[in-house]
Amino acid sequence: QVQLVESGGGLVQAGGSLRLSCAASGRTFSRYNMGWFRQAPEKEREFVAGISWSGNTYYAESVKGRFTISRDNAKNTVYLQMNSLKREDTAVYYCAADPANYYTDYANLGRYDYWGQGTQVTVSS
């Protein structure tokens, strides 16, 4: 069982930056693939970024070059550094954990067994 708690959301002007954190419970965090997703009002939840247990990273096209996912296994934490934020980045951001030892269809919500409660990111113009 893994519990995930996101933090770091808030209100930021367009062009600004935020860093989201996701703290995980449990001793086996280092073996989990981790993903960040977001959901804007009246839209479906979508993949943002993912990092495998071995450190490979993956990004949605819409955030590539602006967002960076990383993990600190010693702190049981995964991060999402968001730069050059746009209004369309406004959403609730969720982190998720996948215990599989492979990480191919990382954008598939169904592969993640554990989800955090989400943190709101609002980008103003």
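All of these numbers come straight from a predicted model, not from anything done at the bench.

Participant: Explain the sheet that holds strand β3 (residues 18–24) here, please?
Facilitator: Think of a sheet as strands paired side by side through backbone hydrogen bonds, with each pair either parallel or antiparallel. The sheet built from four strands is open, its strands ordered β1-β3-β8-β7 with antiparallel pairing. The open sheet is flanked by β1 (4–7) and β7 (67–72), the only strands paired with a single partner. Within the sheet, the average angular offset between the axes of one strand and its neighbour, ignoring direction, is 15°. Looking at chain direction, β1 and β3 are connected through four bridges and run antiparallel. Residue pairing for β3: E6 is matched across the bridge by C22.

Participant: Looking at this model, I keep getting lost on the packing of aromatic side chains. Mind explaining?
Facilitator: The geometry of two aromatic rings is summed up by the distance between their centres and the angle between their planes. Applying the stated criterion across every chain yields a total of 10 aromatic pairs. Residues F37 and F47 carry aromatic rings whose centres are separated by 5.7 Å and whose planes lie at 75° to one another, so their mutual orientation is edge-to-face. With F37 in strand β4 (residues 33–39) and F47 in strand β5 (residues 46–51), the pair connects residues that are 10 residues apart, well separated along the chain. Side by side, F37 and F47 carry an identical accessibility label, which is buried. Judged by centre distance (5.1 Å) and plane angle (80°), the ring pair of F37 and Y112 falls under edge-to-face. With F37 in strand β4 and Y112 in the loop between β9 (91–98) and β10 (114–115), the pair connects residues that are 75 residues apart, well separated along the chain.

Participant: Honestly, the state of the cysteines in this entry has me stumped. Any pointers?
Facilitator: Working definition of a disulfide: a covalent bond connecting the sulfur atoms of two cysteines. For the structure on display, the rule yields one disulfide. Disulfide partner of C22: C95, at an S-S distance of 1.9 Å. Disulfide C22-C95: the torsion about the S-S bond is 50°, which places it as right-handed. Of this pair, C22 sits in strand β3 while C95 sits in strand β9, placing them 73 residues apart in sequence. Comparing C22 with C95 shows no difference in burial state: the two are buried.

Participant: Got a minute to help me understand the nonpolar core in this structure?
Facilitator: Generally speaking, nonpolar side chains in soluble globular proteins are found buried as a group. Of all hydrophobic cores here, the largest spans 35 residues; its most connected members are L4, M34, W36, L80, M82 and Y93. Among the elements of the structure, β3, β4, β5, β7, β8 (77–82), β9 and β11 (119–124) are those that each provide at least two residues to this core.

Participant: Would you take a moment to explain the side chain of R71 for this structure?
Facilitator: Mapped onto the fold, R71 is located in strand β7. Only 2.8 Å separates the side chain of R71 from the backbone oxygen of F29, close enough to count as a polar contact. Polar contacts involving the side chain of R71 include one to the side chain of N73, which spans 2.9 Å. Excluding residues that lie within four positions of it along the chain, R71 makes contacts with F29, S30, Y32, N33, M34, I51, S52, W53, T77 and V78.

About the criteria used
- Residues numbered from 1 in each chain as written.
- Predicted model: local features only at pLDDT ≥ 70, side-chain atom pairs only at ≥ 80, totals over all residues.
- Heavy atoms only, no water.
- Pairing = 2+ DSSP bridges.
- Helix = DSSP H or I, 4+ residues; strand = E, 2+ residues; numbered from the N terminus.
- Axes fitted to C-alpha atoms, helices over the stretch in contact; angles between N-to-C directions.
- Phe/Tyr/Trp six-rings, centres within 6.5 Å; stacked < 30°, edge-to-face > 60°.
- Buried < 20%, exposed > 50% of the residue type's maximum accessible area, 1.4 Å probe, protein only.
- Disulfide = S-S within 2.5 Å.
- Core = buried A, V, L, I, M, F, W, Y, C linked by side-chain atoms within 4.5 Å.
- Polar contact = N/O pair within 3.5 Å; in protein donor to acceptor, adjacent residues only side chain to side chain.
- Contact = heavy atoms within 4.5 Å.

Take it as geometry only, folks, not as evidence of what the structure does.
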